[in-house]
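# Coordinates in review
Chain by chain, the residues:
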Amino acid sequence: HTLAVLAREISVRGAIAEVERQLGGVEWPADFAVNRFQTLKALGWAKAMQGDYFNAFRYLKQASAVAQSDSWKVVAACDRAYLARCLGEHRWSRAELDEAEQLANNVDWPSTQGEERMGLLLLAELFSGIDASCSAMYLARYRQLGELASPLHHGHDARLDAFAEYSAGVVELALGEKKRGLALLRSALETFNRFGYDFRAARCLLAEYKATGNASLL
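Quick look at the structure, then. Remember, predicted model here, so these are calculated numbers, not experimental data.

## As for the environment of S128
- Along the chain, S128 falls in the loop between helix 7 (118-127) and helix 8 (132-144).
- When the C-alpha atoms of S128 and E18 are compared, they prove to be 37 Å apart, with 110 residues separating the residues in sequence.
- Those residues within four positions of S128 in sequence are excluded, and the remaining contacts are S135, V170, V171 and A174.
- Among the polar contacts made by the side chain of S128, one reaches the main-chain carbonyl oxygen of E125 at a distance of 2.6 Å.

## Focus on the nonpolar core
- The biggest cluster of nonpolar side chains holds 60 residues, and the ones touching the most others in it are F37, V74, L123 and F192.
- Each residue touching L123, except ones within four places of it in the same chain, is listed here: V74, C78, L97, A100, E101, A104 and Y138.
- Within the second largest apolar cluster, 7 residues are counted, among which are A48, A56, F57 and L83.

## Points about the packing of aromatic side chains
- Per the stated rule, a full pass over the model turns up 7 aromatic pairs.
- Considering the side-chain rings of F195 and Y197, the 5.9 Å spacing of their centres and the 40° angle between planes classify their relative orientation as tilted.
- The buried category is assigned to Y197, whose relative accessible area is 6%.
- These aromatic residues form a ring-pair network of at least three members: F163, F192, F195 and Y197.
- Directly above the ring of Y59 sits R58, whose terminal nitrogen or CZ lies 4.6 Å from the centroid.

## Some points on the pattern of salt bridges
- Under the definition given, this model contains 13 salt bridges.
- Residue E96 is joined to R80 by a salt bridge in which the shortest nitrogen-to-oxygen separation is 3.0 Å. One end of the pair, E96, is in helix 6 (residues 90-104); the other, R80, is in helix 5 (residues 70-86), and 16 residues separate them in sequence. R80 matches E96 in its accessibility class, with the two residues each being buried.
- The salt bridge partner of E125 is R203, with a shortest N-O separation of 3.6 Å. With E125 in helix 7 and R203 in helix 11 (residues 198-212), this pair connects stretches of sequence that are 78 residues apart.
- For E125, a relative accessible area of 8% puts it in the buried group.
- When salt bridges with common partners are traced through the structure, they connect R8, E9 and R200 into a single cluster.

What counts as what
Residues numbered from 1 in each chain as written. Predicted model: local features only at pLDDT ≥ 70, side-chain atom pairs only at ≥ 80, totals over all residues. Heavy atoms only, no water. Helix = DSSP H or I, 4+ residues; strand = E, 2+ residues; numbered from the N terminus. Contact = heavy atoms within 4.5 Å. Polar contact = N/O pair within 3.5 Å; in protein donor to acceptor, adjacent residues only side chain to side chain. Core = buried A, V, L, I, M, F, W, Y, C linked by side-chain atoms within 4.5 Å. Buried < 20%, exposed > 50% of the residue type's maximum accessible area, 1.4 Å probe, protein only. Phe/Tyr/Trp six-rings, centres within 6.5 Å; stacked < 30°, edge-to-face > 60°. Lys NZ or Arg CZ within 6 Å of the ring centre and 35° of its normal. Salt bridge = Lys/Arg side-chain N within 4 Å of Asp/Glu carboxyl O.

Structural measurements only, silent on function.
Printed below as a string of structure tokens:
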């Protein structure tokens with residue numbers, strides 16, 4: 001799980017192949033279900049960063065298949081919607097987004113505590129360019145839940161804050177809250193740079209460029 005997450009965020013020679021090799025012989029106890037989900041999800045994005053989109057979607061589908069709750073399935077469906085959108089497959093992306101929205105309607109979100117709550121932020125981000133009122137609704141629901149407490153991290157993890165700040169920043173910009181949106185993106189950027197998460201830092205810079213037109217950000 002740790003190696004897969006690391007391979008998603010930074011380039012580590014041989015890490016992806018090693019994770020795939022290990023997956024074939026690992027038994028996952030029930031209390032490690034979230035770790036299994038996160039491993040497959042991270043592996044999917046690591047494949048996407050290599051340009052292997054077929055296996056990226058395959059692993060994200062596997063993540064959904066092993067998810068123990070609809071809230072985690074929302075996260076995986078949002079990831080597939082985002083990846084399809086990046087590839088210009090907008091009809092496919094919308095189908096995945098519709099699935100995520102239907103699953104989200106079945107979730108008792110106040111009972112969630114971990115990273116699965118990010119599903120609401122991902123929905124807000126994905127709807128930001130489609131339906132501003134829907135995007136604002138999901139953002140408000142996320143903020144009403146209070147502080148996120150991930151069972152996969154010990155204590156407070158700045159990376160989780162940065163993930164949330166990026167998505168919220170994109171939504172705030174779409175809603176016309178430029179000052180707040182830029183502040184959130186810049187805060188996320190600072191954290192991503194500190195951890196060496198280059199592709200996430202690049203996403204922050206691109207989002208800021210779209211909002212400001214500052215070509216130096218490119």
